[in-house]
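Architecture at a glance
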Amino acid sequence: MARMDVSTKRWIILILICCINLCAGSIYAWSVLSAAAAQELTVITGHLISAADLAIAFGVANSVGPIPMILGGAFNDRYGPRLVIITGGLLIGLGLCFCGWATSIAQIVIGYGLFFGLGLGLAYGAGISTAIKYFPDKRGFAGGLVTAVYGFSSVIVPPVAQVLTQHYGIMNTFVILGTVFALVIMFCGYFCERCPEDFNPLNKHGDKKTCAAVSGLTWRQMLASPIFWPMIALLMCGAVSAMMILSQAASIAQNEIGMDAVGAAAAVSTIAFFNMAGRLVAGTLSDKVGRIGVLITGLIFSAMGLTVLMYSGQGDYVFFYCGCILIGISFGTFMSIYPGFTADRFGAKHAGVNYGIMFSGFSVAGLMGPIIMQQMLANGMNFAACCQVGIAFCALGLAFALVYKKMIEHKKVQ
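Residues numbered from 1 in each chain as written. Predicted model: local features only at pLDDT ≥ 70, side-chain atom pairs only at ≥ 80, totals over all residues. Heavy atoms only, no water.

Residues Phe-75, Tyr-79 and Leu-83 make up a contiguous nonpolar surface patch of roughly 330 Å² in combined accessible area. Residue position: Phe-75 is located in helix H4 (residues 66-79). A relative accessible area of 33% means that Phe-75 is categorised as partly exposed. (Patch = residues over 30% accessible without salt bridge, like charges linked within 9 Å, V, L, I, M, F, W, Y side chains within 5 Å. Areas by Shrake-Rupley, 256 points an atom, 1.4 Å probe, with all protein chains shown as cover. Salt bridge = Lys/Arg side-chain N within 4 Å of Asp/Glu carboxyl O. Helix = DSSP H or I, 4+ residues; strand = E, 2+ residues; numbered from the N terminus. Buried < 20%, exposed > 50% of the residue type's maximum accessible area, 1.4 Å probe, protein only.)

This is how it looks when you write it as structure tokens:
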């Protein structure tokens, strides 16, 4: 690929990153893997172990993400994504294989929570920052596509894992998936090259338009910029309101709407589909009409969805689906736009580190959303009250969006 024109090469690299994210998105198959792993460990240890006992592994895998994204991003920004992605693929493979050899909960936590989580942060972070660097003219499209493929993994990997488990057992399934994912990620990562810092595809075709030139701010300069704080606060508000529902959609469907297990599973799949579709559509749309306008629309969709859910009761299947679809689209909107949004505001030169720091806002929201929902229900508050809190977060997010717009209008950016 060394002799290929960069404008052509970038499309190949984008496809490779999509393949990487299809494997990295296998984290969404945890619900299938953990249930079978709990049964196997019960037999091995002689003690009753449930999927809930293994939930800590999933929590650790998600919470450690910003650390490798930031550290790997620093290496990626300086030397390119190849070694970062290869290392990430190796850790993902080792983590899953380690789970296949596990005989205790602690080993599952180490393998999946630590190894897999660190590998995921490296591969995902390096891949997405590389994509937006190669597409300065289509950052929303590039970010939307690679994150949509990441989300699409939630559609295809769980049934594949289920079939493998039925035929080969859960422990062998861990090893099979780990081996395949490691090989695919490492192979694709080997061909991912660093994007030239001055790359501008519009200039190469003689177009008078040029991509927005923003000086590449370091992470210290980004944190010192007043615009950073409303941006990360907006991300947190948008993600918290969505994660309150998405993290417990199946139980909500059964307890609040009266769906059976099959219907609840279908609702989760529906959310996953519209989450994925929202990423691609919102990312592409943001290239044409602007990032902040699409993000505001995402907040409005989330508030509408929560309002619909608030008035849904037993048997209101259509209302429930409509509410979940709106929230799924909103969540996908934030996940797809923020990589390009961060590069727009602070430059692409240090996008790996900067987006890793920005992504920590989502990680905090990923913990806050489920905890808020659980604590409210545990303290006797009803589901409608939880929806009202989610709507309040949407309103707070709109306030931060308006603060951002005011700061941009007054050029208080750097």
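Relative orientation and spacing of two packed helices are given, respectively, by the angle between their axes and the distance between those axes. At a minimum axis separation of 9 Å, helix H11 (residues 228-246) and helix H15 (residues 317-346) run at an interaxial angle of 160 degrees. Here H15 runs roughly antiparallel to H11, going by the angle between their axes. Considering the relative orientation of H11 and H15, their crossing is left-handed. Of H15, the residues touching H11 (which contributes Phe-228, Met-231, Leu-234, Leu-235, Gly-238, Ala-242, Met-243, Ile-245 and Leu-246) are Ile-327, Phe-331, Phe-334, Met-335, Tyr-338, Phe-341, Thr-342, Arg-345 and Phe-346. Per-class residue counts for the contact of H11 with H15 are 15 nonpolar, two polar and one charged. (Axes fitted to C-alpha atoms, helices over the stretch in contact; angles between N-to-C directions. Parallel < 35°, antiparallel > 145°, perpendicular 65-115°, else oblique. Left-handed = near helix turned anticlockwise from the far one by under 90°. Contact = heavy atoms within 4.5 Å. Nonpolar A, V, L, I, M, F, W, Y, C, P; charged D, E, K, R; others polar.)

Before going further, it helps to spend a moment on the environment of Phe-393. Examined against the element boundaries, Phe-393 turns out to sit in helix H17 (residues 383-409). Using a relative accessible area of 18% as the deciding quantity, one classes Phe-393 as buried. Taking C-alpha positions, Phe-393 is 9.2 Å from Ala-239, a pair spaced 154 residues apart along the chain. Contacts of Phe-393, omitting those with residues within four sequence positions, involve Cys-237, Val-240, Ser-241, Met-368 and Ile-372.

What follows concerns the state of the cysteines. Following the criterion strictly, the structure yields zero disulfides and no others. Not part of a disulfide, Cys-99 finds its nearest cysteine sulfur in Cys-97, a span of 9.2 Å. Since its relative accessible area comes to 0%, Cys-99 is described here as buried. Unpaired in this structure, Cys-387 has its nearest cysteine sulfur neighbour in Cys-386, at a distance of 6.9 Å. Cys-387 gets classed as buried once you look at its relative accessible area, which sits at 0%. (Disulfide = S-S within 2.5 Å.)

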